[in-house]
Amino acid sequence: MELPRLTIDRTRTPSVLRFAPGFNVAAPFIDRHVPEGRGAKVAIRCAAGDVTYAELAEHVNRCGNALLRLGLAPGQRMLMVVKDCPEFFYLFWGAIKAGIVPVPANAILRAADYRVLIEDSGCSALVFSPEFAGEVEPAIAAAGGPPIALPVEGAPRCLRALLADAAPALEPVAAEATAPCFWLYTSGSTGRPKGAVHRHRDMVVTSELFGRGVLGIHDGDVIFSAAKLFFAYGLGNAMTFPLWAGATTVLLDARPTARNTLETIERFRPTLYFGVPTLYAAQLEELDTARPDLASLRLCISAGEPLPAELFRRWNERTGLKILDGLGSTEALNTFLSNRPDDVRPGTTGRPVPGYQVRILAADGAEAGPGQPGRLQVRGDSTAVCYWNNPEKTAEAMQGDWLDTGDTYVRDEDGYYRHCGRSDDMLKVGGLWCSPIEIESRLVDHPDVLEAAVVGIPDASGNLKPEAWVVLKRDVAACDALADALMLHCKHHLAPYKFPRRVHFVAELPRTATGKIQRYLLRAGAGPT
């Protein structure tokens, strides 16, 4: 059977993508590499060993057949609580090739969270790494299902055993470019996660427009993403971008730390590294004493939270490398605003990725002009079609072709976009709007500060005032004098009303798996002053 084809016109910017009837996205990402002569090339590198493109294609086929033999049918959902390992690839692409809908889930949740996802998704199967059994198995018991619960390894009936007995050939189920393909749950930075339903074409769009078009990823690249596969940023960085280019990906199956990520870079010699601001900050502290070889890197990329200009400067000064800050979302699948390798403006999110349109809407619904803040919306072919089982949130966020990001942004005269915070995090102090990001960036400028988060807390009269939660650098002691100094630091460099009325010193900030600060948890844990 001839594989459904995809036609790409790269003579135009952005590339023009044309999808043939019957298109199944597993064909261009998995099935084409062996016929194109890439079978012996390493697709995946990890501590457990290498996986070639030929081995990847075979195991994807075996996995699709194993899932069908278990009784899963096209259209049914398969929840995945799986660490970054080759089996994640086999499950994800094997399911898609067989017409089953994979739903990767955050691998660091608790049993109550997994129960919510099981019940919300109505999944027919849940596949999990044994490391997560302590949270997953109680969730399955509490939810009364799903009917199929399968560990990746370590049991008589596990995924690895099923793969060994499954057939190595599988024809892709005919689909359509706009048909539902996989889901991703939002990270929960503002509360309960929502299941974003993505189509077959979406991964092609992000990989072609951002991965190839902006980052210039090619088949000679080796890519390492500290951001994990189970959410949108990591799924693109560590899986779809390298597979699209015929490149090699490096997987770290442990929770990323400053030390193990720097060690991974030194050991596997990636050319591109994807991180988040909080990890870059921690790595800088580690580099005070460690001296890993980072010479293989040509690009560093950041997303998840805005990258402070000071953090960009420190990283560039220490490593000689620039960090390209960008904005994406679970709903948009990956990055649609970004700095470029040859066009970096620190403290901004750059400019729109070719192929996407963005706009900023003022409070009256009119399009905002330069210097005027408003809600950021994006339009492009990778945006989710809906939130599963949530028509109210779908109607709020997905307004025709436009996706409302929930972020407040401002565009300058040169066309660069600057993040002002989540729209529901913006503060009105003394009748004037105030961005928490602006205060946070100023706090991070202080030589004793590693990270900061600012939220509005009602004072005794009920008026919102900025308060700051601050993580100090190693060996810096918290004290009242330092809190006063930080407030004074903000007063000297910002408008008079833009300073934190209180400073709370903490060991770490509450974050989602994507690195986003969960400001609602800070608000919930604070009372009136």
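Definitions and cut-offs
- Residues numbered from 1 in each chain as written.
- Predicted model: local features only at pLDDT ≥ 70, side-chain atom pairs only at ≥ 80, totals over all residues.
- Heavy atoms only, no water.
- Buried < 20%, exposed > 50% of the residue type's maximum accessible area, 1.4 Å probe, protein only.
- Helix = DSSP H or I, 4+ residues; strand = E, 2+ residues; numbered from the N terminus.
- Pairing = 2+ DSSP bridges.
- Phe/Tyr/Trp six-rings, centres within 6.5 Å; stacked < 30°, edge-to-face > 60°.
- Axes fitted to C-alpha atoms, helices over the stretch in contact; angles between N-to-C directions.
- Contact = heavy atoms within 4.5 Å.
- Left-handed = near helix turned anticlockwise from the far one by under 90°.
- Nonpolar A, V, L, I, M, F, W, Y, C, P; charged D, E, K, R; others polar.
- Parallel < 35°, antiparallel > 145°, perpendicular 65-115°, else oblique.
- Salt bridge = Lys/Arg side-chain N within 4 Å of Asp/Glu carboxyl O.
- Core = buried A, V, L, I, M, F, W, Y, C linked by side-chain atoms within 4.5 Å.
- Disulfide = S-S within 2.5 Å.

So, the pairing of strand E10 (residues 195-199)
Of all 5 residues making up E10, 5 are buried, and the element is well covered by its neighbours. Here E10 shows two buried faces, one formed by Gly-195, Val-197 and Arg-199 and the other by Ala-196 and His-198. One ladder, built from 5 bridges, connects strand E9 (residues 180-185) with E10; its direction is antiparallel. Each residue of the ladder has a partner; that of Trp-183, found in E10, is Val-197. Sheet topology note: the E10/strand E20 (residues 386-387) ladder contains 2 bridges and is antiparallel. Note that in E20 the partner of Val-197 across the bridge is Cys-386.

A few points about helix H7 (residues 202-212)
Most of H7 is tucked away: 10 of the 11 residues are buried. Looking at H7, one finds that the buried residues are Asp-202, Met-203, Val-204, Val-205, Thr-206, Ser-207, Glu-208, Leu-209, Phe-210 and Gly-211.

Details of unusual backbone geometry
A cis amide bond links Thr-13 with the next residue in sequence, Pro-14, at an omega value of 0°. Tracing the backbone through its elements, the reader meets Pro-14 in the loop between strand E1 (6-9) and strand E2 (16-19). At the junction of Gly-145 and Pro-146, the peptide bond is cis and its omega measures out at 10° in the coordinates. Along the chain, the position of Pro-146 falls in the loop between helix H5 (133-143) and strand E8 (148-151).

Considerations on the packing of aromatic side chains
Tallying each qualifying case throughout the model produces 15 aromatic pairs. Ring plane angle 35° and centroid distance 4.6 Å describe the contact between Trp-183 and Trp-388, whose orientation is recorded as tilted. Residue Trp-183 is located in strand E9, and its partner Trp-388 is located in the loop between E20 and helix H12 (391-397); the two are separated by 205 residues in the primary sequence. When the ring of Tyr-280 is compared with that of Trp-315, the centres are 4.9 Å apart and the planes differ by 80°; the resulting orientation is edge-to-face. Remark: Trp-315 occurs in helix H11 (residues 309-319) and Tyr-280 occurs in helix H10 (residues 277-286); sequence separation between them is 35 residues. What makes Tyr-280 buried here is its relative accessible area of 0%. Within the aromatic cluster, the residues linked to one another by ring pairs are Phe-29, Phe-88, Phe-92, Trp-93, Phe-182 and Trp-244.

Remarks on the sheet that holds strand E27 (residues 464-472)
Within the open sheet, the 3 strands sit side by side as E26-E27-E28. Their pairing is mixed. Looking at which strands have only one partner, the edges of the open sheet turn out to be strand E26 (449-458) and strand E28 (502-505). Neighbouring strand axes in the sheet, compared pairwise and without regard to direction, differ in orientation by 25° on average.

Looking at the environment of Asn-316
One can find Asn-316 in helix H11. The class for Asn-316 is partly exposed, based on a relative accessible area of 30%. Among all residues touching Asn-316, those that are not within four sequence positions of it are Leu-321 and Lys-322.

With respect to the packing of helix H2 (residues 53-69) against helix H3 (residues 86-97)
H3 packs onto H2 with a crossing angle of 60° between their chain directions and a minimal axis gap of 7 Å. Where H2 crosses over H3, the two elements pack in a sense that is right-handed. In contact with Leu-56, His-59, Val-60, Asn-61, Cys-63, Gly-64 and Leu-67 of H2, H3 contributes Phe-89, Tyr-90, Leu-91, Trp-93, Gly-94, Ala-95 and Lys-97. Its residues placed into classes, the contact of H2 with H3 shows 9 nonpolar, 4 polar and 1 charged.

Some remarks on the packing of helix H9 (residues 258-268) against H10
A pair of packed helices is captured by two measures, namely the crossing angle of their axes and the spacing between those axes. Where H9 meets H10, the axes come as close as 9 Å, and the angle between the chain directions of the two elements is 80°. For the element pair H9 / H10, the angle class is roughly perpendicular. Contacts from Ala-258, Arg-259, Thr-261 and Leu-262 in H9 reach Leu-279, Ala-282, Gln-283 and Glu-286 in H10. Grouping the amino acids of the contact of H9 with H10 by side-chain chemistry returns 4 nonpolar, 2 polar and 2 charged.

Some details on the pattern of salt bridges
In this structure the tally under the stated criterion is 34 salt bridges. A single network of salt bridges, built from pairs that share partners, joins Arg-199, Arg-201, Asp-202 and Asp-381.

Digging into the nonpolar core
Counting residues in hydrophobic clusters, the biggest one holds 149 residues, and the most contacted among them are Leu-56, Phe-89, Phe-92, Trp-93, Met-203 and Leu-215. Looking at this core, the element that brings in the most residues is helix H8 (residues 232-245), giving 9 residues. Setting aside residues up to four positions removed in sequence, Phe-89 forms contacts with Ile-44, Leu-56, Val-60, Gly-94, Leu-229, Ala-238, Met-239, Leu-243, Thr-249 and Leu-251. Grouped together as the second largest cluster of nonpolar side chains are 20 residues, Cys-434, Ile-439, Val-449 and Met-487 included.

Considering H9
Within H9 the residues assigned to the buried category are Ala-258, Asn-260, Thr-261, Leu-262, Thr-264, Ile-265 and Phe-268. Among the residues trailing H9, Arg-269 stands out with phi positive, at a value near 60°.

Remarks on the sheet that holds E8
Taking strand neighbours across the sheet as the criterion, the 4 strands line up as E6-E5-E7-E8 in an open arrangement whose pairing is parallel. Either end of the sheet is taken by a strand with one partner, and the two such strands are strand E6 (101-104) and E8. Between one strand axis and the next, the sheet turns by 20° as a mean value, whatever way the strands run. In terms of strand pairing, strand E7 (residues 125-128) meets E8 through 4 bridges, oriented parallel. Bridging from a neighbouring strand, Val-127 pairs with Leu-150 of E8. Each of strand E5 (77-81), E7 and E8 touches H5; the most contacted strand, E7, lies at about 165° to it.

Quick look at the pairing of E26
Most of E26 is tucked away: 9 of the 10 residues are buried. Inspection of the sheet shows E26 paired to E27 by 9 bridges, in the antiparallel sense. Note that in E27 the partner of Pro-458 across the bridge is Leu-464.

Focus: the environment of Gly-195
As for its position among the elements, Gly-195 is in strand E10. For Gly-195 and Leu-117, which are 78 residues apart along the polypeptide, the C-alpha to C-alpha distance reads 8.7 Å. Excluding its chain neighbours within four sequence positions, the residues that come into contact with Gly-195 are Leu-184, Tyr-185, Cys-386, Tyr-387 and Trp-388.

Thoughts on the state of the cysteines
For the coordinates displayed, the defined rule picks out 0 disulfides. Summary of cysteine pairing: Cys-386 is not part of a disulfide, and the nearest cysteine sulfur, belonging to Cys-181, is at 14 Å. Of the residues examined, Cys-386 reaches a relative accessible area of 24% and is grouped as partly exposed.

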